[in-house]
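Listed below, chain by chain, are the residues.
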There are 2 protein chains.
Amino acid sequence: MSLAQFNLWVAEIRNDRRRGASELARRALELLAEAARTLPTMDALELWRDLLALTDDLSMARPSMAPIRNLLRRWRESSMPLAGADLVIARELAAERAEALIAASRRAVTECAVHAAKLLGPGRTVMTHSLSSTVAETCRLLKDDGLRMIVTESRPLGEGRQLAERFSAWRVPTTYITDAQMGLFVAQADAVLVGADGVLADGTVINKAGTYPLALAARDQGVPFHVCCESFKWREPDQPVPELEEMAPTELGMPDWPAVTVRNVYFDLTPARLVSAWIDETGVRWPSAKP
Amino acid sequence: MSLAQFNLWVAEIRNDRRRGASELARRALELLAEAARTLPTMDALELWRDLLALTDDLSMARPSMAPIRNLLRRWRESSMPLAGADLVIARELAAERAEALIAASRRAVTECAVHAAKLLGPGRTVMTHSLSSTVAETCRLLKDDGLRMIVTESRPLGEGRQLAERFSAWRVPTTYITDAQMGLFVAQADAVLVGADGVLADGTVINKAGTYPLALAARDQGVPFHVCCESFKWREPDQPVPELEEMAPTELGMPDWPAVTVRNVYFDLTPARLVSAWIDETGVRWPSAKP
């Protein structure tokens, strides 16, 4: 692979609007494994330096998505000794460690879902917003157990539509609404379950815009609001609040009118005080047990 | 005019998705005036009975829209003595009273806007949701006074787009966002100003779906949330909460998937405890002064 290929990969991660944070983190690790095996290089030290530069660029590509940064950091921590190894061995170990983290990330999604499904229980009506792999997996586990879903459209890209299509295939009775109707329908839910693109050390949730007003409406209507994501998505206390990513205004389909500025910020922040429980692969964390 | 024409008129009011509650109430009064002048009838008593039937049908056509019901009731109260009059005079007086109420309704919009503009003051950033004639008129009064606007898309029909086009023509700096971003952007506003399709006697606001989560976000961010509408929109204490109107699910543009039900409820209820001030043509009503 070449520097040009390298930059194309970073651009792929930066421009992806389809995949969530965990999926993109796994994709970043795949690219890292591929780079470890194929980067033209003199020795293990040079390989190590080039891979470090790639992890930096990949991490910076999606600042709102904590798992990309966290998984790449874990890879760095576990792969550091490779710098002094034989080049052939270093290539293989670096790639294998990236692949081990991909497997760990997949396992974490499954384990999150097991805990979330247990917390929700059978026969529930659950509301969600946007498309989360942990939420989708939780629903798969509960689909033959009387689950009913309420799904928001999730403008501008309509991830709720993808989710509704999946629920339809599973024959899970699903109510599909505009984002603007969330306040009306949350009262019909036994619980809200959302994923997260990242969680700050104090429990504040970074997730698709609309999550914060949904959490407010859930609180106002007395409906529990649960957040389900892998521990890779938690940020360290020393990591500042990331700048919330803004995508192309053209996604809103507006003409170019003088004096009108179209804004398309993808994420909002839901304060920890609105969260009933955080669920990760290790179990359920209640507000009183916050770090 | 004939019974067929009469039913067409009721259908026109029922199916209108473009005009707000006040505009439709004025349209209903126009139809009533036209009916008063042209209904084939034997005498004033028969005319009166036919007009009463028309007011009933028009009122029932849009149960969420209080001004239709309230203005038609005012017309009935002021026109009752016509039943005993000469037919020619009865026709003209019935029509003139309808037209007087149209003028009163227009005046009320203007007067609401004067009070709202005074309350907001110059140099403010104001956020709104959906399209209200009183809010639009308030913005027109403030447009050369440093006004900046934040406007939500307002799915499914996108009334926010019409409003943004108007603000663009006025050169009012306007930020246009998806409904899902309301929680992010309300913190940038000095105040939220929305209209209403109806207000319950306890101050609960019936307005376009999304108003309730916006009010919650405004409260959470410490931003005043004002409601500006003519007194015709207030319901009497004996009037129950109307069934919130639901429109065609096709407006959401979803395929017909098994197990998926598309819901398209146009209105939600914002409790009085979230409202900072109600503004009508008589002035500003603060929560402590609620009826």
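Since the structure is predicted, the reported quantities are computational estimates derived from the model, not experimental observations.

**Looking at the environment of His226 of chain A**
All names here are of chain A.
Moving on, step 1. Its place among the elements puts His226 in strand E7 (residues 225-228).
Moving on, step 2. Given 22 C-beta atoms within 10 Å, His226 falls into the buried group.
Moving on, step 3. In sequence terms His226 and His115 are 111 residues apart; their C-alpha atoms lie 12 Å from each other.
Moving on, step 4. Excluding its chain neighbours within four sequence positions, the residues that come into contact with His226 are Ala116, Leu119, Ala191, Val192, Leu193, Ser276, Ala277 and Ile279.

**Digging into the pairing of strand E1 (residues 125-128) of chain B**
Both faces of the sheet carry side chains from a regular strand, because those side chains alternate between them.
Residues and elements named next belong to chain B.
Moving on, step 1. Here E1 pairs with strand E2 (residues 148-152) via four bridges, running parallel. Looking across to E2, one finds that Met127 is bridged to Ile150.
Moving on, step 2. You can see the chain leave E1, run along helix H6 (residues 133-142) and come back into E2, and the turn it takes is right-handed.
Moving on, step 3. Note that E1 and strand E4 (residues 191-194) share two bridges and pair parallel. Its bridge partner lying in E4, Val126 is registered against Ala191.

**Points about the domain arrangement of chain A**
Residues and elements named next belong to chain A.
Moving on, step 1. For chain A, the assigned domains read domain 1 (3-108) and domain 2 (121-289).
Moving on, step 2. The centre of domain 1, based on its C-alpha atoms, is set 28 Å off from the matching centre of domain 2.
Moving on, step 3. Domain 1 puts 16 residues into the contact, and the matching count from domain 2 is 21 residues.
Moving on, step 4. Put simply, the parts of the chain that give the side of domain 1 that touches domain 2 at least two residues each are helix H2 (21-38), helix H4 (66-79) and helix H5 (87-120).
Moving on, step 5. When grouped by side-chain class, the residues that make up the side of domain 1 that touches domain 2 number eight nonpolar, five polar and three charged.

**Looking at the sheet that holds strand E4 (residues 191-194) of chain A**
Moving on, step 1. Overall, mixed pairing links the eight strands, which are arranged E11(A)-E10(A)-E7(A)-E4(A)-E1(A)-E2(A)-E3(A)-E8(B) in an open sheet. Each edge of the open sheet is held by one strand with a lone partner, namely strand E11 (283-285) of chain A together with strand E8 (260-262) of chain B. In this sheet, neighbouring strand axes are inclined to one another by 25 degrees on average, regardless of whether the strands run parallel or antiparallel.
Moving on, step 2. Sheet strands touched by H5 of chain A: strand E1 (125-128), E4, E7, strand E10 (277-280) and E11 of chain A. Its angle to E10 of chain A, the strand with the most contacts, is close to 140 degrees.

**Concerning the relation of the copies chain B and chain A**
Moving on, step 1. Superposition of chain B onto chain A requires a rotation of 180 degrees combined with a translation of 0.0 Å along the rotation axis, giving an RMSD of 0.0 Å. Such a combination of turn and shift is consistent with a two-fold rotation axis. Relative to the rotation axis, the C-alpha of Pro213 of chain B is the closest in chain B, positioned 2.8 Å from it.
Moving on, step 2. Both copies contact each other with a shared surface, as 100% of the interface residues of chain B are interface residues in chain A too.

**Side note on the sheet that holds strand E9 (residues 267-270) of chain B**
All names here are of chain B.
Moving on, step 1. What the three strands build is an open sheet, ordered E5-E6-E9; its pairing is antiparallel. Strands at the two margins of the open sheet, each flanked by one partner only, are strand E5 (198-199) and E9.
Moving on, step 2. Where strand E6 (residues 205-208) and E9 come together, four bridges link them in antiparallel fashion. The residue of E9 that forms the bridge with Val205 is Thr270.

**Thoughts on the environment of Val109 of chain B**
All names here are of chain B.
Moving on, step 1. Structurally, the position occupied by Val109 is in helix H5 (residues 87-120).
Moving on, step 2. For Val109, a count of 23 C-beta atoms within 10 Å puts it in the buried group.
Moving on, step 3. When the C-alpha atoms of Val109 and Phe267 are compared, they prove to be 21 Å apart, with 158 residues separating the residues in sequence.

**Structural notes on the interface of chain B and chain A**
Moving on, step 1. Every contact between the two is made by 41 residues of chain B and, on the other side, 41 residues of chain A.
Moving on, step 2. Looking at the side of chain B that touches chain A, the elements that each hand over two or more residues are helix H7 (159-169), strand E3 (174-177), helix H8 (182-185), helix H9 (211-220) and E8 of chain B.
Moving on, step 3. Classifying every residue of the side of chain B that touches chain A gives 23 nonpolar, nine polar and nine charged.

**Considerations on the packing of H5 of chain B against H6 of chain B**
Residues and elements named next belong to chain B.
Moving on, step 1. Close contact between H5 and H6 brings their axes to 8 Å; oriented N to C, the two are set at 55 degrees. It follows from the interaxial angle that H5 and H6 lie oblique. The crossing of H5 and H6 is right-handed. Only Ser133, Thr134, Glu137, Thr138, Leu141 and Leu142 of H6 make contact with H5, whose side of the interface consists of Val109, Thr110, Cys112, Ala113, Val114, Ala116, Ala117 and Leu120.
Moving on, step 2. The residue makeup of the contact of H5 with H6, split by class, is nine nonpolar, four polar and one charged.

**Describing the environment of Ala215 of chain B**
Residue and element names in this part refer to chain B.
Moving on, step 1. With respect to the helices, strands and loops of the structure, Ala215 is situated in helix H9.
Moving on, step 2. We classify Ala215 as buried; it has 30 C-beta atoms within 10 Å.
Moving on, step 3. When the C-alpha positions of Ala215 and Leu193 are compared, they lie 9.9 Å apart, and in sequence the two are 22 residues distant.
Moving on, step 4. Those residues within four positions of Ala215 in sequence are excluded, and the remaining contacts are Phe225, Thr270 and Leu274.

**Quick notes on helix H9 (residues 211-220) of chain A**
Residues and elements named next belong to chain A.
Moving on, step 1. Of all ten residues in H9, nine are buried; the element is thus mostly enclosed.
Moving on, step 2. Residues of H9 that are buried include every one of Thr211, Tyr212, Pro213, Leu214, Ala215, Leu216, Ala217, Ala218 and Asp220, and no others.
Moving on, step 3. Just downstream of H9 lies Gly222, where phi reads positive at about 70 degrees.

**As for unusual backbone geometry**
All names here are of chain A.
Moving on, step 1. Cis peptide bonds are those with omega within 30 degrees of zero, and the linkage from Arg155 to Pro156 qualifies with 5 degrees.
Moving on, step 2. Within the secondary structure layout, Pro156 lies in the loop between strand E2 (148-152) and helix H7 (159-170).
Moving on, step 3. Although it is not a glycine, Ser130 sits at a positive phi angle of roughly 65 degrees.
Moving on, step 4. Mapped onto the secondary structure, Ser130 falls in the loop between E1 and helix H6 (133-142).
Moving on, step 5. For Arg171, which is not glycine, the phi torsion reads 60 degrees and is therefore positive.
Moving on, step 6. Considering the arrangement of structural elements, one finds Arg171 in the loop between H7 and strand E3 (174-177).
Moving on, step 7. Classification of Arg171 as exposed rests on a count of 11 C-beta atoms within 10 Å.

**Focus: the nonpolar core**
Moving on, step 1. If you look at the biggest cluster of nonpolar residues, it comprises 186 residues, and the most contacted ones within it are Leu32 and Val192 of chain A together with Leu32 and Val192 of chain B.
Moving on, step 2. The contacts of Leu32 of chain B, once residues within four sequence positions are left out, are Leu51, Leu54, Thr55, Trp75 and Ala98 of chain B.

**Considerations on the packing of helix H2 (residues 21-38) of chain B against helix H4 (residues 66-79) of chain B**
Residue and element names in this part refer to chain B.
Moving on, step 1. For the pair H2 and H4, interaxial distance at closest approach is 8 Å and the crossing angle is 35 degrees. Seen along the crossing, H2 lies across H4 with a hand that is right-handed. For the pair H2 and H4, contact is made by Ala21, Ser22, Leu24, Ala25, Ala28, Leu29 and Leu32 and by Ala66, Pro67, Ile68, Leu71, Leu72 and Trp75, respectively.
Moving on, step 2. When its residues are assigned to classes, the contact of H2 with H4 shows twelve nonpolar, one polar and no charged.

Rules of the game
Residues numbered from 1 in each chain as written. Chains lettered and ligands numbered in written order. Predicted model: local features only at pLDDT ≥ 70, side-chain atom pairs only at ≥ 80, totals over all residues. Helix = DSSP H or I, 4+ residues; strand = E, 2+ residues; numbered from the N terminus. Buried ≥ 20, exposed ≤ 12 C-beta atoms within 10 Å, placed from the backbone. Contact = placed C-beta atoms within 7 Å. Pairing = 2+ DSSP bridges. Right-handed = clockwise from strand over helix to strand, strands pointing away. Domains from an automatic or database assignment. Nonpolar A, V, L, I, M, F, W, Y, C, P; charged D, E, K, R; others polar. Axes fitted to C-alpha atoms, helices over the stretch in contact; angles between N-to-C directions. Least-squares fit on C-alpha atoms with pLDDT ≥ 70 in both. Parallel < 35°, antiparallel > 145°, perpendicular 65-115°, else oblique. Left-handed = near helix turned anticlockwise from the far one by under 90°. Core = buried A, V, L, I, M, F, W, Y, C linked by C-beta atoms within 7 Å.

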